[in-house]
Amino acid sequence: MPRTAARGRGRGRPGDSAWVPLAYLAPGFVVYAAFLLYPLGRAVHLSLFDWDGLTLATFVGLDNYVEVITDPKLRAAFGHALVLIVFFAGLPTVIGLALAAVLNRAKVRGLGFFRTVVFLPQVVAMVVVGVAWRRLYAPDGSVNDVLRAVGLGGLGRAWLGDTTMALPAVGVVGTWVQTGLVTLLLMAGMSRVPDDLYEAARLDGAGAVREFFAITLPSVRGELAVALTLTVIAALKTFDLIYITTGGGPGDRTSVPAFEVYNRAFRLGEVGSAAAVGVTLTVVIFVINLAIARVGERGNR
């Protein structure tokens, strides 16, 4: 048999090798499709019906999505979620940047212990966090005790029952939880910045503030994008914290889309409407995080 023929037969057809990567990806894709794509598609399907979860469903087309736009209660829930982005993503990013910059450049003893303490809220179940902060915010809780101790007792109130302060009070809990994650992500990024850059900046007469904006901040744009992505998702999908602390109250002042999905599906028996809210929330999360990713990519060019 000619040697060239044997080689050609051993190599196989040119298209065969293209299927090898797909074969490795197939098991993961099957799991992904079964536990994410199928439920998402099923939610889209249910959102087109008026269904209470028990009786026969009635096809209503896009009426449930029209309700999401026109119902003041649902619009308010999405507005509350956007407010929580400030507390879950905006404030932790600012605080995390400051903490990471100080800890990265300063010689701090016990840095490992500090990292553990800062990150601790991330490993505590949100239900436990909600119960603890609900007690802190109680009329006889520690927050009001501290205010009375410093002579500001007049500012004390039932924080989670106040129509004005309930949503910011829940947001502060989100800030406390997310700051540690953002700080550690940014510290990891800052640790990769060569010391030579800082030394060259000092030789040019740059101070700490100029070093931060000229060297540190541009070097951690990728980590900032990751931190914003994670914290924005956490803000928009918040349910357990709201459920434990306020239950959406007082009134509907702390209701958010994820809580409305639960409320409509399991309390009011409006499964189609709940599915429409869930699908809309998924789209909002995708669009916001796509924008964050695009901005992060431009910054890294």
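Refer to the structure above for everything that follows.
Reading the values: the criteria
- Numbering of residues begins from 1 in every chain and follows the order in which that chain's sequence is written.
- Totals for whole chains, interfaces and linings use all residues, but because this is a predicted model, local features are given only for residues with pLDDT of at least 70 and pairs of side-chain atoms are given and counted only at 80 or more.
- Values shown for side chains rest on all heavy atoms present in the structure; no hydrogens or waters enter the calculation.
- Between Lys or Arg on one side and Asp or Glu on the other, a salt bridge is scored when a side-chain nitrogen of the former is within 4 Å of a carboxyl oxygen of the latter.
- The cut-offs for exposure are 20% and 50% of the maximum accessible area for each residue type, with area from a 1.4 Å probe on protein chains only; residues under the lower value are buried, those over the upper are exposed, and the others partly exposed.
- What goes into a patch is any residue over 30% in relative accessible area without a salt bridge, connected to like charges within 9 Å or, for nonpolar side chains (Val, Leu, Ile, Met, Phe, Trp, Tyr), within 5 Å.
- Calculation of accessible area relied on Shrake-Rupley with a 1.4 Å probe; when residues are assessed, cover is drawn exclusively from the protein chains displayed.
- For the purposes of this entry, the term helix denotes a DSSP run of H or I that reaches at least four residues, the term strand denotes a run of E that reaches at least two, and both are numbered from the N terminus.
- Only buried Ala, Val, Leu, Ile, Met, Phe, Trp, Tyr and Cys residues count toward a nonpolar core, and they belong to the same one when joined by side-chain atoms within 4.5 Å.
- Between two residues, a contact is recorded if the distance between any of their heavy atoms is within 4.5 Å.
- Only Phe, Tyr and Trp rings take part, Trp by its six-membered ring, and two of them pair if their centres are within 6.5 Å. Stacked means planes under 30 degrees apart, edge-to-face means over 60, and tilted covers everything else.

Draft legend 1. Summary view of the pattern of salt bridges. In the structure shown here, the tally under the stated rule is 10 salt bridges. As a salt-bridge pair, R135 and D140 come within 3.0 Å of each other at their nearest N and O atoms. Residue classification places D140 among the partly exposed residues on the basis of a relative accessible area of 49%. E211 serves as the salt-bridge partner of R202, at 3.4 Å between the closest nitrogen and oxygen. The exposure class assigned to E211 is buried, which follows from its relative accessible area of 7%.

Draft legend 2. Examining a nonpolar patch on the surface more closely. On the surface, F29, Y32, L36 and L37 cluster together into a nonpolar patch covering about 390 Å² of accessible area. Structurally, the position occupied by Y32 is in helix α2 (residues 19-46).

Draft legend 3. Up close: the environment of V83. Tracing the chain through its elements places V83 in helix α4 (residues 72-105). Measuring from C-alpha to C-alpha, the distance between V83 and T246 comes to 16 Å, with 163 residues separating the pair along the chain.

Draft legend 4. Representation of the nonpolar core. The biggest cluster of nonpolar side chains holds 36 residues, and the ones touching the most others in it are F88, Y137, V173 and L236. Residue assignment for this core shows that the elements contributing at least two residues are α3 (63-70), α4, α6 (126-136), α8 (166-190), α11 (221-236), α12 (240-245) and α14 (271-300). It is α4 that contributes the most residues to this core, eight residues altogether. Residues within four places of V173 in sequence aside, it is in contact with V129, W133, Y137 and L241. Residues L97, A101, L103 and A227 belong to the second largest nonpolar core, which totals 12 residues.

Draft legend 5. Representation of unusual backbone geometry in the model. Across the junction of G249 and P250, the peptide omega takes the value -5°, indicating a cis bond. Along the chain, P250 turns up in the loop between α12 and α13 (257-267).

Draft legend 6. Looking closely at the packing of aromatic side chains. On inspection of all chains with the given rule, the structure shows 11 aromatic pairs. For the ring pair F259 and Y262, a centre distance of 6.2 Å and an interplane angle of 50° mean the geometry is tilted. Of this pair, F259 and Y262 are both found in helix α13, three residues apart, which corresponds to roughly one turn of the helix. The class for F259 is buried, based on a relative accessible area of 4%.

By themselves, these are just geometric observations and shouldn't be taken as functional.
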